[in-house]
Amino acid sequence: MAGQREVVFVDGVRTPFGRAGEKGMYWGTRADDLAVKALQGLLERNPGLPLDRVDDVGIAATTQQGDQGLTLGRTAAILAGLPISVPGFALDRMCAGAMTTVALTGSAIGAGHYDVAIAGGVEHMGRHPIGLDADPNPRFVSEKIVSPDALNMGVTAERLHDRFPQLTKERADRFGMLSQHKVQAAYDRGDIQSDLVPVAFRSEAGWGLATEDEGRRPNTTMDDLAGLKTPFRPHGRVTAGTSSPLTDGATMSILAGADTAKELGLSAKMRMVGFAFAGVPAEVMGLGPVPSTEKALRRAGLEIDDIGIFELNEAFAVQVLSFTDHFGIADDDPRVNPWGGAIAFGHPLAASGVRLMLQLARQFEQRPDVRYGLTAMCVGLGQGGTVIWENPHFDGKKGKK
């Protein structure tokens, strides 16, 4: 953020992600308890943070009702043991909820209004399916502002295949398969587990402890994917193997001014360079990250080739491929989702933005040759969001980007 106070990503954690629905491990767990558990884990991991120095707690959720309502930022802060003097708020930008809480609280820090903020998101898609009890304004359809099926994310993914015939089902299948393989490889190396907060859960079988993401399918093959049904269109191209599954989970992060982090002895895992959000026709929702990334790069004075790691939310394989094709990036470019993505991890809507960030922060630690990284995602009703980050561990002698 040129001309403003430097904003740093101090730390981030998340719960393991669970399958949504009655068979998922969090079926009997409250949504707000997932958020509280993630927040408590984050605070326990950062004992040097004086809790009364937290200026705000922003927690996003897409479906804000029941145990996922009641101003989550405030309620979770109280339940997690933060001082009663610490305020909080809830926010909804669908899939980019947590990304937006990071952007807004980061902006407040950059402008000097906050010193420290907590930003995250939660989504319990088992208890609160996307769109539950929503009542879209009839003008959307009657005035032909939005196609009636544009609220179905799978249909918008099929439209990307229609618009870009070069984005074939085979390319999408291969991308989905490799996401599964890369996530398992990251688990095998121990890259994922350190940022997971274990969660106790209760099921018909008794008590259990969630320590890993539940929905992974590491043995996926191209033959497996070729035979899957296309639920969004007869003889379509989008399948469960190339889509992010319905998921429950929560993420949390700490942001601070660089000067405050130094004062308190907190880490600075990433520096916020800038962010942007943009809109596209809802019918091709997946294209949203293209204009948001172009805007963010332009404002930061960077080019796409300056980005050394891309953490892109895999709502659908074709959605990521539409982004990489636009920018001339190969399907197998090692800069793109090096540890896999949401097709394997899962995508608990409003929580996912911080999942991208904490993964990027871990990779920055391992990659002093990389200077800039990018987190981006598409958003329902035709939006995209992008945040650009700088690696504080960058060593100019080891790399240029």
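Quantities reported herein were computed from a predicted structural model and do not represent experimental measurements.

Peer 1: Teacher, can you tell me more about the overall build of the protein chain here?
Peer 2: Each helix and strand counted, the protein chain has twelve helices and twelve strands in total. The principal-axis extent of the C-alpha atoms belonging to the protein chain is close to 60 × 55 × 50 Å. Roughly 16,000 Å² of accessible area belongs to the protein chain as shown, and the carbon and sulfur atoms make up 52% of that amount. Positive and negative side-chain charges of the protein chain, numbering 41 and 48 respectively, have mean locations separated by a distance of 2 Å.

Peer 1: Mind showing me how you'd approach the state of the cysteines here?
Peer 2: By definition, a disulfide is the covalent link that joins the sulfur atoms of two cysteine residues. Per the stated rule, a full pass over the model turns up zero disulfides. Cys95 forms no disulfide, and the closest cysteine sulfur to it belongs to Cys378, at a distance of 6.1 Å. Residue classification places Cys95 among the buried residues on the basis of a relative accessible area of 10%. Among the residues examined, Cys378 registers a relative accessible area of 1% and is labelled buried.

Peer 1: What should I look at first to understand unusual backbone geometry in this one?
Peer 2: Excluding glycine, a negative phi dihedral is what most residues carry, and trans is how most peptide bonds are arranged. The backbone of Asn337 sits at a positive phi, close to 45°, despite the residue not being glycine. Phi is positive for Leu349, close to 30°, though the residue is something other than glycine. Structurally, Leu349 can be placed in the loop between α11 (342-345) and α12 (352-366).

Peer 1: How should helix α2 (residues 72-79) be read in this particular structure?
Peer 2: An α-helical segment advances 3.6 residues per turn. Residues three or four places apart therefore align on the same side. Leu72, Gly73, Thr75, Ala76 and Ala77 are the residues of α2 that are buried. Residues of α2 that are buried sit in contact with α1 (31-45), β3 (54-60), β4 (88-91) and β5 (116-124). Following α2 by one or two positions, Gly81 adopts a phi angle in the positive range, close to 95°.

Peer 1: I tried to follow the UniProt feature "domain: Thiolase N-terminal" (unreviewed entry) in the protein chain on my own but got confused; where do I start?
Peer 2: Within the UniProt annotation, "domain: Thiolase N-terminal" (unreviewed entry) is assigned to residues 7-256. A helix fraction of 31% and a strand fraction of 20% characterise residues 7-256, whose end C-alpha atoms lie 6 Å from each other.

Peer 1: Mind showing me how you'd approach the pattern of salt bridges here?
Peer 2: Once their charged atoms are close, side chains differing in charge can pair, the charge on each being opposite to the other. Applying the stated criterion to the full structure yields 27 salt bridges. For the salt bridge of Asp162 with Arg237, the shortest nitrogen-to-oxygen distance reads 2.4 Å. Of the two residues, Asp162 sits in helix α5 (residues 153-163) while Arg237 sits in the loop between α7 (222-226) and β8 (247-257), which places them 75 residues apart along the sequence. The exposure class assigned to Arg237 is partly exposed, which follows from its relative accessible area of 23%. Here Glu390 and Arg371 are joined by a salt bridge, their closest N and O atoms 2.8 Å apart. One end of the pair, Glu390, is in strand β12 (residues 383-390); the other, Arg371, is in the loop between α12 and β11 (372-379), with 19 residues separating them in the sequence. By relative accessible area, which is 12% here, Glu390 ends up buried.

Peer 1: Would you take a moment to explain the nonpolar core for this structure?
Peer 2: Ranked by size, the top nonpolar core spans 37 residues in total, and within it Leu49, Val54, Val57, Leu82, Ile118, Val122 and Met252 carry the most contacts. Sort the elements by how many residues they give to this core and α1 lands first, with seven residues. Of all hydrophobic cores here, the second largest spans 36 residues; its members include Ala172, Ile307, Val320 and Leu321.

Peer 1: Would you mind showing me how to read the layout of surface pockets here?
Peer 2: A probe matching the size of a water molecule, rolled over the atoms, marks out where space remains unfilled. Estimated volume of the largest pocket: approximately 1,300 Å³. Those elements that place two or more of their residues in the lining of the largest pocket are β2 (18-19), α5, α7 and α11. If you tally residues by element for the lining of the largest pocket, the top one is α11, at three residues. Of the residues in the lining of the largest pocket, the class split is 26 nonpolar, 18 polar and six charged.

Basis of the calculations
Residues numbered from 1 in each chain as written. Predicted model: local features only at pLDDT ≥ 70, side-chain atom pairs only at ≥ 80, totals over all residues. Heavy atoms only, no water. Helix = DSSP H or I, 4+ residues; strand = E, 2+ residues; numbered from the N terminus. Areas by Shrake-Rupley, 256 points an atom, 1.4 Å probe, with all protein chains shown as cover. Lys, Arg positive; Asp, Glu negative; His and termini not counted. Charge placed at Lys NZ, Arg CZ, Asp CG, Glu CD. Disulfide = S-S within 2.5 Å. Buried < 20%, exposed > 50% of the residue type's maximum accessible area, 1.4 Å probe, protein only. Contact = heavy atoms within 4.5 Å. UniProt positions renumbered as here; feature names shortened; annotations may be inferred. Salt bridge = Lys/Arg side-chain N within 4 Å of Asp/Glu carboxyl O. Core = buried A, V, L, I, M, F, W, Y, C linked by side-chain atoms within 4.5 Å. 1 Å grid on protein atoms, 1.4 Å probe; cavity = no way out; pocket = protein on both sides within 12 Å on 5 of 7 lines; lining within 4 Å. Points joined across faces, edges and corners; volume = space filled by probe spheres on them. Nonpolar A, V, L, I, M, F, W, Y, C, P; charged D, E, K, R; others polar.

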